[in-house]
Amino acid sequence: MRTRPASAVATGIVLALAATLAHAGAPQGCTRIADIPPNYAISYGAALQGLFDDYATNGGSAGCVDCHFAPPPMPSGELDLSAGVSWGHLVGVPSAEDPGILYVVPGRPQESLLFRKVNCDTPGAGARMPLDNYGGGLLPEQQALIYDWIANGALPGTSNTVFRDGFEIRGFVP
Ligand code: HEC
(Lines give C-alpha, C1' and ligand atoms only; values in the text may rest on other atoms or scores of the structure.)
Protein backbone atom coordinates (compact mmCIF):
# COMPACT_ATOMS: atom_id res chain seq x y z
CA MET A 1 0.00 0.00 0.00
CA ARG A 2 1.29 3.40 -0.90
CA THR A 3 1.56 5.90 1.92
CA ARG A 4 0.68 9.53 1.29
CA PRO A 5 3.65 11.89 1.28
CA ALA A 6 3.84 14.09 4.38
CA SER A 7 3.42 17.24 2.29
CA ALA A 8 0.07 16.02 0.94
CA VAL A 9 -1.11 15.27 4.46
CA ALA A 10 -0.01 18.74 5.60
CA THR A 11 -1.83 20.34 2.65
CA GLY A 12 -4.93 18.37 3.60
CA ILE A 13 -4.76 19.67 7.16
CA VAL A 14 -4.34 23.26 5.98
CA LEU A 15 -7.31 22.92 3.62
CA ALA A 16 -9.47 21.40 6.36
CA LEU A 17 -8.53 24.25 8.71
CA ALA A 18 -9.30 26.86 6.03
CA ALA A 19 -12.68 25.21 5.43
CA THR A 20 -13.42 25.32 9.17
CA LEU A 21 -12.57 29.02 9.34
CA ALA A 22 -14.63 29.75 6.22
CA HIS A 23 -17.55 27.91 7.79
CA ALA A 24 -17.28 29.99 10.95
CA GLY A 25 -17.40 33.08 8.66
CA ALA A 26 -15.53 36.00 10.18
CA PRO A 27 -18.12 38.66 11.08
CA GLN A 28 -18.12 41.80 8.91
CA GLY A 29 -19.45 45.33 9.35
CA CYS A 30 -19.17 45.38 13.15
CA THR A 31 -19.83 48.47 15.29
CA ARG A 32 -16.80 49.66 17.24
CA ILE A 33 -17.41 49.37 20.99
CA ALA A 34 -13.76 49.51 22.13
CA ASP A 35 -14.05 53.00 23.66
CA ILE A 36 -17.28 52.53 25.61
CA PRO A 37 -16.79 52.47 29.39
CA PRO A 38 -17.08 48.90 30.75
CA ASN A 39 -20.01 47.65 32.83
CA TYR A 40 -18.52 45.97 35.88
CA ALA A 41 -21.63 44.86 37.80
CA ILE A 42 -24.30 43.29 35.61
CA SER A 43 -27.57 41.68 36.68
CA TYR A 44 -28.97 39.30 34.05
CA GLY A 45 -32.59 40.00 34.94
CA ALA A 46 -32.42 43.77 35.02
CA ALA A 47 -29.84 44.36 32.32
CA LEU A 48 -30.02 41.53 29.78
CA GLN A 49 -33.67 40.53 30.11
CA GLY A 50 -34.49 44.24 30.41
CA LEU A 51 -32.91 44.74 27.02
CA PHE A 52 -34.63 41.71 25.46
CA ASP A 53 -37.97 43.02 26.79
CA ASP A 54 -37.52 46.64 25.71
CA TYR A 55 -34.37 48.23 24.32
CA ALA A 56 -36.01 51.31 22.81
CA THR A 57 -34.33 54.60 23.64
CA ASN A 58 -36.53 56.80 21.45
CA GLY A 59 -39.50 57.05 23.79
CA GLY A 60 -41.38 54.14 22.20
CA SER A 61 -41.12 50.50 23.11
CA ALA A 62 -39.45 47.70 21.17
CA GLY A 63 -38.12 44.38 22.37
CA CYS A 64 -36.40 41.31 21.01
CA VAL A 65 -39.38 39.46 22.53
CA ASP A 66 -41.71 41.15 20.02
CA CYS A 67 -40.40 38.48 17.61
CA HIS A 68 -38.54 36.05 19.89
CA PHE A 69 -41.47 34.82 21.97
CA ALA A 70 -43.24 31.50 21.67
CA PRO A 71 -46.29 31.70 19.45
CA PRO A 72 -47.22 28.48 17.68
CA PRO A 73 -45.55 27.03 15.77
CA MET A 74 -42.16 28.71 16.42
CA PRO A 75 -40.54 31.94 17.65
CA SER A 76 -38.39 33.87 15.14
CA GLY A 77 -35.05 32.14 14.64
CA GLU A 78 -36.49 29.29 16.78
CA LEU A 79 -35.23 31.31 19.76
CA ASP A 80 -37.53 32.30 22.63
CA LEU A 81 -36.04 35.17 24.64
CA SER A 82 -38.96 35.55 27.08
CA ALA A 83 -38.33 36.33 30.75
CA GLY A 84 -37.69 33.18 32.79
CA VAL A 85 -36.53 31.02 29.86
CA SER A 86 -34.07 33.17 27.87
CA TRP A 87 -30.89 32.30 29.83
CA GLY A 88 -31.47 28.57 29.41
CA HIS A 89 -32.07 29.05 25.69
CA LEU A 90 -28.81 30.94 25.18
CA VAL A 91 -25.90 29.80 27.31
CA GLY A 92 -24.03 26.87 25.78
CA VAL A 93 -26.88 26.26 23.30
CA PRO A 94 -26.14 25.68 19.57
CA SER A 95 -27.78 28.02 17.06
CA ALA A 96 -30.86 26.58 15.34
CA GLU A 97 -29.63 28.11 12.09
CA ASP A 98 -26.00 26.96 12.34
CA PRO A 99 -25.40 24.32 15.05
CA GLY A 100 -21.65 24.91 14.61
CA ILE A 101 -22.00 28.18 16.59
CA LEU A 102 -23.24 28.57 20.16
CA TYR A 103 -25.45 31.51 21.08
CA VAL A 104 -23.33 32.22 24.15
CA VAL A 105 -19.89 30.87 25.00
CA PRO A 106 -19.22 32.13 28.56
CA GLY A 107 -16.12 34.35 28.63
CA ARG A 108 -15.89 34.52 24.82
CA PRO A 109 -18.16 37.21 23.35
CA GLN A 110 -16.54 37.22 19.91
CA GLU A 111 -17.34 33.52 19.49
CA SER A 112 -20.91 33.99 20.71
CA LEU A 113 -23.60 34.31 18.03
CA LEU A 114 -25.72 36.49 20.34
CA PHE A 115 -23.01 39.18 20.44
CA ARG A 116 -22.17 38.85 16.75
CA LYS A 117 -25.85 39.18 15.79
CA VAL A 118 -26.25 42.49 17.65
CA ASN A 119 -22.80 43.89 16.78
CA CYS A 120 -22.20 42.98 13.12
CA ASP A 121 -24.01 43.45 9.79
CA THR A 122 -22.77 40.02 8.67
CA PRO A 123 -22.67 38.01 11.90
CA GLY A 124 -21.76 34.61 10.38
CA ALA A 125 -25.33 33.26 10.42
CA GLY A 126 -28.42 35.17 9.29
CA ALA A 127 -28.94 38.91 9.64
CA ARG A 128 -28.04 41.57 12.18
CA MET A 129 -30.43 41.91 15.14
CA PRO A 130 -32.81 43.50 15.84
CA LEU A 131 -34.03 42.52 12.37
CA ASP A 132 -34.37 45.45 9.93
CA ASN A 133 -33.29 47.84 12.70
CA TYR A 134 -36.65 47.25 14.37
CA GLY A 135 -37.39 49.95 16.96
CA GLY A 136 -34.27 51.90 15.92
CA GLY A 137 -31.80 49.12 16.72
CA LEU A 138 -29.37 48.80 19.62
CA LEU A 139 -27.07 51.59 20.75
CA PRO A 140 -23.34 50.73 20.83
CA GLU A 141 -23.62 50.93 24.66
CA GLN A 142 -26.31 48.24 24.60
CA GLN A 143 -24.14 46.05 22.35
CA ALA A 144 -21.24 46.60 24.77
CA LEU A 145 -23.46 45.50 27.69
CA ILE A 146 -24.09 42.16 25.97
CA TYR A 147 -20.35 41.83 25.32
CA ASP A 148 -19.51 42.58 28.97
CA TRP A 149 -22.11 40.14 30.31
CA ILE A 150 -20.66 37.31 28.19
CA ALA A 151 -17.06 38.33 29.02
CA ASN A 152 -17.99 38.22 32.72
CA GLY A 153 -19.04 34.57 32.44
CA ALA A 154 -22.67 34.92 31.24
CA LEU A 155 -24.07 34.29 34.72
CA PRO A 156 -27.84 33.98 35.33
CA GLY A 157 -27.65 36.24 38.39
CA THR A 158 -25.36 39.20 39.08
CA SER A 159 -21.75 39.28 37.99
CA ASN A 160 -19.32 41.72 39.53
CA THR A 161 -15.89 40.92 38.23
CA VAL A 162 -13.18 43.14 36.90
CA PHE A 163 -12.23 41.31 33.75
CA ARG A 164 -10.37 44.01 31.82
CA ASP A 165 -6.69 44.66 32.21
CA GLY A 166 -6.89 48.05 30.54
CA PHE A 167 -4.93 46.84 27.53
CA GLU A 168 -7.37 44.33 26.14
CA ILE A 169 -9.32 45.65 23.14
CA ARG A 170 -13.05 45.15 23.43
CA GLY A 171 -14.97 43.74 20.48
CA PHE A 172 -14.08 43.51 16.82
CA VAL A 173 -11.92 46.33 15.57
CA PRO A 174 -13.28 47.21 12.12
C1 HEC B 1 -38.66 42.04 13.90
C2 HEC B 1 -38.42 40.72 14.44
C3 HEC B 1 -37.14 40.49 15.23
C4 HEC B 1 -36.62 41.25 16.24
C5 HEC B 1 -37.17 42.54 16.84
C6 HEC B 1 -35.44 40.57 16.71
N7 HEC B 1 -35.25 39.42 15.99
FE8 HEC B 1 -33.73 38.08 16.25
N9 HEC B 1 -34.41 36.98 14.67
C10 HEC B 1 -35.53 37.28 13.90
C11 HEC B 1 -35.60 36.33 12.79
C12 HEC B 1 -36.69 36.31 11.72
C13 HEC B 1 -34.49 35.46 12.92
C14 HEC B 1 -34.08 34.31 11.99
C15 HEC B 1 -33.29 34.82 10.80
C16 HEC B 1 -31.90 35.32 11.11
O17 HEC B 1 -31.18 34.75 11.94
O18 HEC B 1 -31.47 36.30 10.49
C19 HEC B 1 -33.77 35.89 14.12
C20 HEC B 1 -32.64 35.28 14.60
C21 HEC B 1 -31.98 35.62 15.78
C22 HEC B 1 -30.89 34.89 16.35
C23 HEC B 1 -30.24 33.64 15.76
C24 HEC B 1 -31.09 32.41 15.85
C25 HEC B 1 -30.33 31.22 15.29
O26 HEC B 1 -30.62 30.09 15.67
O27 HEC B 1 -29.39 31.40 14.51
C28 HEC B 1 -30.49 35.55 17.49
C29 HEC B 1 -29.37 35.17 18.44
C30 HEC B 1 -31.37 36.69 17.62
N31 HEC B 1 -32.26 36.70 16.57
C32 HEC B 1 -31.29 37.60 18.65
C33 HEC B 1 -32.08 38.75 18.72
C34 HEC B 1 -31.92 39.77 19.75
C35 HEC B 1 -30.92 39.71 20.88
C36 HEC B 1 -32.84 40.74 19.48
C37 HEC B 1 -33.07 42.02 20.21
C38 HEC B 1 -31.92 42.91 20.37
C39 HEC B 1 -33.59 40.31 18.30
N40 HEC B 1 -33.08 39.12 17.87
C41 HEC B 1 -34.64 41.02 17.74
C42 HEC B 1 -36.43 38.30 14.13
C43 HEC B 1 -36.26 39.33 15.06
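Before reading on, note that the structure itself is shown above.
Residues numbered from 1 in each chain as written. Predicted model: local features only at pLDDT ≥ 70, side-chain atom pairs only at ≥ 80, totals over all residues. Heavy atoms only, no water.

Participant: Quick one: what's the story with the state of the cysteines, residue by residue and with numbers?
Facilitator: Per the stated rule, a full pass over the model turns up 1 disulfide. One disulfide in the model links Cys30 with Cys120; its S-S distance is 2.2 Å. Since a negative S-S torsion denotes a left-handed disulfide, the Cys30-Cys120 link at about 105 degrees is right-handed. One end of the pair, Cys30, is in strand β1 (residues 28-30); the other, Cys120, is in strand β3 (residues 120-122), and 90 residues separate them in sequence. An identical accessibility class is assigned to Cys30 and Cys120; each is buried. (Disulfide = S-S within 2.5 Å. Helix = DSSP H or I, 4+ residues; strand = E, 2+ residues; numbered from the N terminus. Buried < 20%, exposed > 50% of the residue type's maximum accessible area, 1.4 Å probe, protein only.)

Participant: Quick rundown of the pattern of salt bridges? Include the residues and the values.
Facilitator: Taken as a whole, this structure holds 5 salt bridges when the rule is applied. The shortest N-O distance in the salt bridge between Arg108 and Glu111 comes to 2.7 Å. (Salt bridge = Lys/Arg side-chain N within 4 Å of Asp/Glu carboxyl O.)

Participant: How would you sum up the layout of surface pockets? Please name residues and give values.
Facilitator: In this structure, the largest pocket spans a volume of roughly 470 Å³. Around the largest pocket sit 27 residues that line it, and His68, Ser76, Leu79, Lys117 and Met129 are the ones nearest its centre. Elements with a contribution of two residues or more to the lining of the largest pocket: α2 (44-53) and α4 (113-119). Considering every element that reaches the lining of the largest pocket, the biggest residue donor is α4, with 4 residues. Looking at the lining of the largest pocket, its residues break down into 19 nonpolar, 5 polar and 3 charged. (1 Å grid on protein atoms, 1.4 Å probe; cavity = no way out; pocket = protein on both sides within 12 Å on 5 of 7 lines; lining within 4 Å. Points joined across faces, edges and corners; volume = space filled by probe spheres on them. Nonpolar A, V, L, I, M, F, W, Y, C, P; charged D, E, K, R; others polar.)

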